[in-house]
Amino acid sequence: MRTGSFAGTTRPAGLSAREAQIMALIAAGHSNGQIAASLVLAEKTVKNHVNRIYAKLGVDSRSAAISQWAPAAGGPAQAARD
């Protein structure tokens, strides 16, 4: 199920706008440190978001999260461009 949007991407039900933003950066290949720097967040905050994303998607790795998220969000390439 798709619901809501962030920066022109549709996000899976359950992910907040910030989580969708972080997931787009993960899918684009960014590390937690890079995400933290680009969003002006503490790296620990990004780690907390990533852990919540994993829990919501029912996964335990970045690659699994990308696989679950990409189809529902219209693909990581679209999200990364926005």
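Residues numbered from 1 in each chain as written. Predicted model: local features only at pLDDT ≥ 70, side-chain atom pairs only at ≥ 80, totals over all residues. Heavy atoms only, no water.

A.B. asks: Teacher, can you tell me more about the environment of leucine 25 here?
C.D. replies: Summarising the element assignment, leucine 25 is placed in helix H1 (residues 17-27). With 10 residues separating them in the primary sequence, leucine 25 and isoleucine 35 have C-alpha atoms 6.7 Å apart. Among all residues touching leucine 25, those that are not within four sequence positions of it are His30, Ile35, Ser38 and Leu39. (Helix = DSSP H or I, 4+ residues; strand = E, 2+ residues; numbered from the N terminus. Contact = heavy atoms within 4.5 Å.)

A.B. asks: Could you clarify how one ought to interpret the confidence of the model for the chain in this entry?
C.D. replies: Per-residue confidence for the chain averages 81 on the pLDDT scale, and 70% of its residues sit at or above 70. A low-confidence stretch, residues 1-8 stays under pLDDT 50, and its non-local contacts, those more than four residues away or across chains, total 22 contacts. In the predicted structure, residues 76-82 sits below a pLDDT of 50 and forms 12 contacts with residues beyond four places in sequence or in another chain. (pLDDT = per-residue confidence, 0-100.)

A.B. asks: Even after reading the chapter, I still don't get the packing of H1 against helix H2 (residues 32-39), so can you show me in this structure?
C.D. replies: Angle between the axes and distance between the axes: these two values describe a pair of packed helices. Remark: H1 packs on H2, axes separated minimally by 10 Å, with the N-to-C direction vectors making an angle of 130°. The orientation of H1 with respect to H2, classified from their angle, is oblique. Like other packed secondary-structure pairs, H1 and H2 cross with a definite hand, here right-handed. When H1 is examined against H2, the residues Arg18, Gln21, Ile22, Leu25 and Ile26 are found in contact with a partner set consisting of Ile35, Ser38 and Leu39. Looking at the contact of H1 with H2 residue by residue, the classes come out as five nonpolar, two polar and one charged. (Axes fitted to C-alpha atoms, helices over the stretch in contact; angles between N-to-C directions. Parallel < 35°, antiparallel > 145°, perpendicular 65-115°, else oblique. Left-handed = near helix turned anticlockwise from the far one by under 90°. Nonpolar A, V, L, I, M, F, W, Y, C, P; charged D, E, K, R; others polar.)

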